[in-house]
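# Structural overview
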Amino acid sequence: SGHSDGDAVIHALVDSMLGALALGDIGTFFPSNEKKWKNADSSIFLDFAKKKIIDYGYVISNTDITIVLQSPYLKDYIYDIRNSLATTLDITISSVSVKATTTDKLGFVGKNKGVVALVSTLLMENVG
């Protein structure tokens, strides 16, 4: 659950992309106290961040995503997640790393009460 569609991976990716531009985070542009973002599709936020990167004269070199959850196991879905994000971001799949890990049943994540997504995105100047 979440204010929009609750997609933790895309929200963390948007934060990473905006952070790489020093523009703040997803809440700067899409505050959770604004009703118009209730149940919004996270792809809106991702498209916004992608456009900001382009507008500032950059391209995504690579992005590294770690999903922390106890279950379900994501091994069989990693390629599809990478491919979907690469397609959406207009970058090669080799520029998108996705991995999943658990907390070995520790904390709220380990008790299946939440998920954490950690993302780092590297930008390069668009010289072409």
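### Focus on the packing of helix H3 (residues 42-55) against helix H4 (residues 78-89)
Packed helix pairs are characterised by how far apart their axes lie and by the angle those axes make with each other. In contact at an axis separation of 10 Å, H3 and H4 are set at 50° when each is read in the N-to-C sense. Judged on the interaxial angle alone, H4 and H3 are oblique. Mapping the contact onto sequence places Leu46, Asp47 and Lys50 in H3 and Leu85, Thr88 and Leu89 in H4. Residues belonging to the contact of H3 with H4 are distributed by class as follows: 3 nonpolar, 1 polar and 2 charged.

### Focus: the nonpolar core
Ranked by size, the top nonpolar core spans 32 residues in total, and within it Val14, Met17, Leu46 and Leu85 carry the most contacts. If you list the elements that add at least two residues to this core, you get helix H1 (8-20), H3, strand S1 (58-68), H4, strand S2 (96-101) and strand S3 (116-125). Looking at this core, the element that brings in the most residues is H1, giving 7 residues.

### Here's the deal with the sheet that holds S2
What the 3 strands build is an open sheet, ordered S2-S1-S3; its pairing is mixed. Bordering the open sheet on either side are S2 and S3, each of which pairs with just one other strand. Along the sheet, successive strands turn relative to each other by an average axial angle of 10°, direction set aside. Bridge analysis of S1 against S3 gives 10 bridges, and the strand direction is antiparallel. Considered in S3, the bridge of Asp64 is made with Ser120. The sheet contacts of H1 involve S1 and S3, and relative to S3 the element is tilted by about 35°.

So, how was this worked out
- Residues numbered from 1 in each chain as written.
- Predicted model: local features only at pLDDT ≥ 70, side-chain atom pairs only at ≥ 80, totals over all residues.
- Heavy atoms only, no water.
- Axes fitted to C-alpha atoms, helices over the stretch in contact; angles between N-to-C directions.
- Helix = DSSP H or I, 4+ residues; strand = E, 2+ residues; numbered from the N terminus.
- Parallel < 35°, antiparallel > 145°, perpendicular 65-115°, else oblique.
- Contact = heavy atoms within 4.5 Å.
- Nonpolar A, V, L, I, M, F, W, Y, C, P; charged D, E, K, R; others polar.
- Core = buried A, V, L, I, M, F, W, Y, C linked by side-chain atoms within 4.5 Å.
- Buried < 20%, exposed > 50% of the residue type's maximum accessible area, 1.4 Å probe, protein only.
- Pairing = 2+ DSSP bridges.

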